[in-house]
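Residue strings, one per chain:
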Amino acid sequence: RAIGCRMNLPAVLNGLLVSVVAALLWKYVRLIEHTSQLEEELQLTRQSQEFSQVHIDYHAALLALQEHGTRMVCTGKMHTDRICRFDYLCYCSEAEEFVFFQSNASVMLPNLGPRRFQPALLDLSSVEDHNTQYFNFLELPAAALKFMPKPVFVPDVTLILNRFNPDNLMHIFHDDLLPIYYTMQQYSDLDDEARLVFMEGWSEGAHFDLYRLLSTKQPLLKEQLKTFGKLMCFTKSYVGLSKMTTWYQYGFVQPQGPKANVLVSGNEIRQFTSFLMERLNITRAEKMEDDGYIVVFKRTTNRLILNEAELILALAQEFQMRTVTVSLEEQSFDSIIQIISGASMLVSMHGAQMITSMFLPRGAAVVELFPYAVNPEQYTPYKTLASLPGMDLQYVAWRNTIKENTVTYPDRHWDQGGIIHLDKEEQERILASKEVPRHLCCRNPEWLFRIYQDTTVYIASFLDVLRETLKTKPNLKKYKVASTVHPGRVREPKCQTSVHATNEAKLSVSWQIPWNLKYLKVKEVKYEVWIQEQGENTYMPYILPHQNYTFTENIKPFTTYLVWVRCIFNKNLLGPFADVLICKT
């Protein structure tokens, strides 16, 4: 047996050697795989950090996505007012789809089920319920990550949205910049270092620098996402925009006009313009010229003022003010804002450039010119802006009513007002029409034909309209900001009744002033009293200067009355009604 053992020793040693080599090779292969994985994660970490200087632990981020999936919590009841916060929302650039990875730890609030597609989870733009602006996502189990390209993580807090039309200044300010600014104000982690991600697919556009003012990080375009990886995951993101600052609807469902429920005031607009001016290093001149100056917006390609020099001279003579011109085609945007921010009056043909009127100082006038057959009452985005409480601007609209003072361009392309593509009968109808009928957005040929006309301004009628409409000569020095403080509830409302005959009774109502009135200087304080006989649908309203009053007219004996009282400051600042009084005669 001993000899047998000695004879098998080389075989045993050989076997051991093979096992050791195999173990070493296996460890080597695993080491290479681990090294390769580390190199891949390092590369993906570098890609992630190309977005930002924020450090990201790639392995920890990937583990969090695999184990916890995507998490979503939204505000708002409807898709039209919803903004959602996501942890680890991903975007597949090949499919051009957002992906929600489901795991046992995922959160989806609201959990709408199939209602999420009726019609969408939310609007990516501030333009309400437009079918090109809807947002939704696809769902996948987190386990599917094993079979997908390794994700690149975006470590910044991001705001994901659609710009509505970044080639048009009105849309840039009304639909994008203002809503972005106040959405960022709404969420504390959307600060100066948050990153904007634009998913509508447009290129930068002529005014991309305005978007850069909102954050210290370079905004990302949809097209750029493809260059960073096939699967991108935003570690923390907000999707959607607040619509509270928009005041105008463009006529997609009904003819254009002010929104039914405008929630923004001039105070919020002016805070935003102050922010932008600070970012542009523009200081509003504190000391104006003695009589201020007038700015005329010059257009160089269409919708021209054909007698511009005559108009400028007439304005200078009428108001005894220096009159200057500005042009988006010839001057930088910040230099134009610098000029407008100190002007007493801005005069312009209807157009997107008039959104710059939000930079006018309080007390200034906005004068909007309309071509022939275009009714100013039907196109009012800038009138609505100027009329917002707290904007404190005077607004004037002038309309060309003389057909001979207009130059039309029927041979142009349709989107520049041409009509030769229409049949002869329709062309003749448009040429004979004296007013564009109300219409929906956006390709009405009669509207386009008329709005792209050039105009000779009839100076006499123009000056007449200015004299009739302007309440006072624009004067920035004398202008005082009107108070927008509303009264509180009246306190301790009481009622007393008495009956003097079978058909004669008295109802006396008294109350104490609102609590906040004793801290305010208010020019005019009045009280509104509503009296309604119980069981009736109508009420009798009264505006009273004092805190008590006795009513006899229409007051019947042995009858129950409901009485409401509220305070009014300066004719238009209404307080809430106090609790209803029940008064029996």
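- The chain carries the name Protein O-linked-mannose beta-1,4-N-acetylglucosaminyltransferase 2 in an unreviewed UniProt entry, which gives Triplophysa rosa as its organism.
- Quoted verbatim from the Subcellular location (unreviewed entry) field of UniProt, the annotation for the chain is "Endoplasmic reticulum membrane".
- Looking at the chain in UniProt, the text filed under Catalytic activity (unreviewed entry) is "3-O-(alpha-D-mannosyl)-L-threonyl-[protein] + UDP-N-acetyl-alpha-D-glucosamine = 3-O-(N-acetyl-beta-D-glucosaminyl-(1->4)-alpha-D-mannosyl)-L-threonyl-[protein] + UDP + H(+)".

Topic: a nonpolar patch on the surface
Piece 1. Judged by side-chain polarity, Leu17, Val21 and Leu25 come together as a nonpolar surface patch covering roughly 280 Å² of accessible area.
Piece 2. The topology assignment puts valine 21 in helix 1 (residues 2-50).
Piece 3. For valine 21, a relative accessible area of 39% translates into the label partly exposed.

Focus on the UniProt feature "domain: Fibronectin type-III" (unreviewed entry) in the chain
Piece 1. When the UniProt feature table is mapped to this numbering, "domain: Fibronectin type-III" (unreviewed entry) covers residues 489-585.
Piece 2. Within residues 489-585, the helical portion is 0% and the strand portion 56%, while the C-alpha atoms at the span's ends are 25 Å from each other.

Quick notes on the packing of helix 7 (residues 308-319) against helix 12 (residues 459-469)
Between two packed helices, what matters for the description is the angle formed by their axes and the separation of those axes.
Piece 1. Relative orientation of the contacting elements helix 7 and helix 12 amounts to 40°, with a least axis distance of 11 Å. Classified by the interaxial angle, the pair formed by helix 7 and helix 12 is oblique. Handedness of the helix 7/helix 12 crossing: right-handed. Listed contacts from helix 12 to Glu310, Leu311, Ala314, Leu315, Glu318 and Phe319 of helix 7 are Ile459, Phe462, Leu463, Leu466 and Arg467.
Piece 2. Considered class by class, the residues forming the contact of helix 7 with helix 12 number eight nonpolar, no polar and three charged.

Looking at the sheet that holds strand 25 (residues 548-551)
Strand pairing in a sheet is mediated by backbone hydrogen bonds. Such pairs are either parallel or antiparallel.
Piece 1. If you trace the three strands from one edge of the open sheet to the other, you get 21-22-25, paired in antiparallel fashion. Each having just a single partner strand, strand 21 (491-501) and strand 25 make up the two edges of the open sheet. On average, adjacent strands in this sheet sit at an angle of 15° to one another, irrespective of strand direction.

A closer look at the pattern of salt bridges
Side chains carrying opposite charge are able to pair once their charged atoms draw close together.
Piece 1. Inspection of the entire model under this criterion finds 25 salt bridges.
Piece 2. With a shortest N-O distance of 2.8 Å, aspartate 392 and arginine 362 are connected by a salt bridge. A residue pair is termed long-range when its members are at least 10 positions apart, and aspartate 392 in the loop between helix 9 (381-387) and strand 18 (394-399) and arginine 362 in the loop between strand 16 (345-349) and strand 17 (365-370) qualify at 30 residues.
Piece 3. Note on arginine 362: relative accessible area 23%, which makes it partly exposed.
Piece 4. Taken together, the shared-partner salt bridges in this structure form one network comprising Glu96, Lys222, Glu223 and Lys226.

So, helix 2 (residues 58-68)
Each α-helix winds once per 3.6 residues, and so residues spaced three or four apart point in a common direction.
Piece 1. Within helix 2, burial applies to Tyr58, Ala61, Leu62, Ala64 and Leu65. Along helix 2, the residues classed as buried sweep out an arc of 160° about the axis, all on the same side.
Piece 2. Glycine 69, located one to two residues past helix 2, shows a positive phi value of around 70°.

Regarding the packing of helix 3 (residues 169-186) against helix 6 (residues 266-279)
Piece 1. Relative orientation of the contacting elements helix 3 and helix 6 amounts to 85°, with a least axis distance of 11 Å. For the element pair helix 3 / helix 6, the angle class is roughly perpendicular. Contacts between helix 3 and helix 6 involve Phe173, Leu177, Leu178, Tyr181 and Tyr182 from the former and Glu268, Ile269, Gln271, Phe272, Phe275 and Leu276 from the latter.
Piece 2. For the contact of helix 3 with helix 6, a count of residues per class yields nine nonpolar, one polar and one charged.

Overview of the state of the cysteines
Piece 1. Applying the stated rule across the entire model yields four disulfides.
Piece 2. The side chain of cysteine 74 participates in a disulfide bridge whose partner is cysteine 84; the two sulfur atoms lie 1.9 Å from each other. Classification of the bridge connecting cysteine 74 and cysteine 84 rests on its S-S torsion, roughly 105°, and on that basis the disulfide is right-handed. In this pair, cysteine 74 is assigned in strand 1 (residues 71-75) and cysteine 84 in strand 2 (residues 83-92), connecting sequence segments ten residues apart.
Piece 3. Since its relative accessible area comes to 0%, cysteine 84 is described here as buried.

Points about unusual backbone geometry
Apart from glycine, the bulk of residues carry a negative phi angle, and the bulk of peptide bonds sit in the trans form.
Piece 1. A cis geometry characterises the amide bond from glutamine 118 onward to proline 119, with omega recorded as -5°.
Piece 2. Relative to the elements of secondary structure, proline 119 occurs in the loop between strand 4 (107-109) and strand 5 (122-123).
Piece 3. Despite not being glycine, glutamate 96 shows a phi value in the positive range, around 55°.
Piece 4. With respect to the helices and strands, glutamate 96 occurs in the loop between strand 2 and strand 3 (97-102).
Piece 5. Of note in this structure, aspartate 392 is not a glycine but carries a positive phi near 55°.

Reading guide: rules and limits
- Residues numbered from 1 in each chain as written.
- Predicted model: local features only at pLDDT ≥ 70, side-chain atom pairs only at ≥ 80, totals over all residues.
- Heavy atoms only, no water.
- UniProt positions renumbered as here; feature names shortened; annotations may be inferred.
- Patch = residues over 30% accessible without salt bridge, like charges linked within 9 Å, V, L, I, M, F, W, Y side chains within 5 Å.
- Areas by Shrake-Rupley, 256 points an atom, 1.4 Å probe, with all protein chains shown as cover.
- Salt bridge = Lys/Arg side-chain N within 4 Å of Asp/Glu carboxyl O.
- Helix = DSSP H or I, 4+ residues; strand = E, 2+ residues; numbered from the N terminus.
- Buried < 20%, exposed > 50% of the residue type's maximum accessible area, 1.4 Å probe, protein only.
- Axes fitted to C-alpha atoms, helices over the stretch in contact; angles between N-to-C directions.
- Parallel < 35°, antiparallel > 145°, perpendicular 65-115°, else oblique.
- Left-handed = near helix turned anticlockwise from the far one by under 90°.
- Contact = heavy atoms within 4.5 Å.
- Nonpolar A, V, L, I, M, F, W, Y, C, P; charged D, E, K, R; others polar.
- Pairing = 2+ DSSP bridges.
- Arc of directions from axis to C-beta.
- Disulfide = S-S within 2.5 Å.

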